[in-house]
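Now for the letters of each chain:
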Amino acid sequence: MNAKADSEFPIVCVGGSAGGLDAYIRLLRNLPADMGVAIIVVNHLRVVSTSLHEILPRYTKMPVDLITEGLTLLPDRVYIIPSQRDLHVAKGKFRLEPISKPRGWPDVITVFLSSLTRHWEGRIIAVIVSGYDGDGAAALRGIRDAGGVVIAQRSDTAKHPDMPESAIESGYVDFVLSPEGIAREIQRIASADRLPRPKPRAIQSGSI
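Residues numbered from 1 in each chain as written. Predicted model: local features only at pLDDT ≥ 70, side-chain atom pairs only at ≥ 80, totals over all residues. Heavy atoms only, no water.

### Observations concerning the pattern of salt bridges
So, point 1. Scanning all chains against the criterion turns up eight salt bridges.
So, point 2. A salt bridge links Asp22 to Arg26; the nearest nitrogen and oxygen atoms lie 3.1 Å apart. Pair noted here: Asp22 and Arg26 are both in helix α2 (residues 20-29), with a separation of four residues, about one helical turn.
So, point 3. By relative accessible area, which is 21% here, Arg26 ends up partly exposed.
So, point 4. Notably, a salt bridge pairs Arg77 with Asp65, separated by 2.9 Å at the nearest N-O pair. Of the two residues, Arg77 is situated in strand β4 (residues 77-80) and Asp65 in strand β3 (residues 64-66); the sequence distance between them amounts to twelve residues.
So, point 5. Salt bridges here are not isolated pairs; linked through shared partners, they connect Asp22, Arg26 and Glu180. (Salt bridge = Lys/Arg side-chain N within 4 Å of Asp/Glu carboxyl O. Helix = DSSP H or I, 4+ residues; strand = E, 2+ residues; numbered from the N terminus. Buried < 20%, exposed > 50% of the residue type's maximum accessible area, 1.4 Å probe, protein only.)

### Regarding the side chain of Asn43
So, point 1. Inspection of the secondary structure puts Asn43 in strand β2 (residues 38-43).
So, point 2. Reaching out from Asn43, the side chain makes a polar contact with the side chain of Tyr24 at a distance of 2.5 Å.
So, point 3. Residues contacting Asn43, with those up to four places away along its chain left out, are Gly16, Ser17, Tyr24, Leu52 and Ile81. (Polar contact = N/O pair within 3.5 Å; in protein donor to acceptor, adjacent residues only side chain to side chain. Contact = heavy atoms within 4.5 Å.)

### So, a negative patch on the surface
So, point 1. A grouping of Asp133, Asp162, Glu165 and Glu169 is seen on the molecular surface, where their side chains present a negatively charged patch.
So, point 2. When you line up the elements, Asp133 lands in the loop between β7 (124-128) and α5 (140-145). (Patch = residues over 30% accessible without salt bridge, like charges linked within 9 Å, V, L, I, M, F, W, Y side chains within 5 Å. Areas by Shrake-Rupley, 256 points an atom, 1.4 Å probe, with all protein chains shown as cover. Lys, Arg positive; Asp, Glu negative; His and termini not counted. Charge placed at Lys NZ, Arg CZ, Asp CG, Glu CD.)

### Things to note about the pairing of strand β1 (residues 11-16)
So, point 1. For β1, the tally of buried residues reaches six of six residues, placing the bulk of the element in the interior.
So, point 2. Alternating residues of β1 divide into Ile11, Cys13 and Gly15 and Val12, Val14 and Gly16, and every residue in both groups is buried.
So, point 3. One ladder, built from six bridges, connects β1 with β2; its direction is parallel. Bridge pairing links Val12 to Ile39 in β2.
So, point 4. Remark: the β1/α2/β2 crossover connection has right-handed handedness. (Pairing = 2+ DSSP bridges. Right-handed = clockwise from strand over helix to strand, strands pointing away.)

Here you go:
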């Protein structure tokens, strides 16, 4: 497979924080393991180490990996951002850098979504779930401009609705759904993305 094809499958970035674990579990429980997409969970922890790579395998048949520098992205896997790192993607691999905002609320979701719009050729699905502050919202216009889809968790299903509400207020959210509804929409998009694209029709010469 060539380098371009390696970055053509869809990526789902699930951004969350406080209360996000409930959303991650409900989402993964309802996603099949063979959709042909990569799921990246970007939980904006600044100091506390993540244990999501130990918890989430109980709720999905997809392999769950804690992201390391240079790890190759593959479809049908779940990836977890490590704490105290900004996450980027380049040439089909993850790149980790020291967190660029060490004080205040992190913006790791915004950083990663912005990287995807610059370096990923496949479909991008941005999902914003429960959490404090508004991480991710600043990157949603770029996702839409890149032809991606933006989904926010419905406030009444989120333990802490600040983050999805900030996303909705940006004006760039396509769907507002429960975690179960988000899973169904991801499956629909993934199925449509697998359909063969029609070949362009040849332009025939002649009089009109």
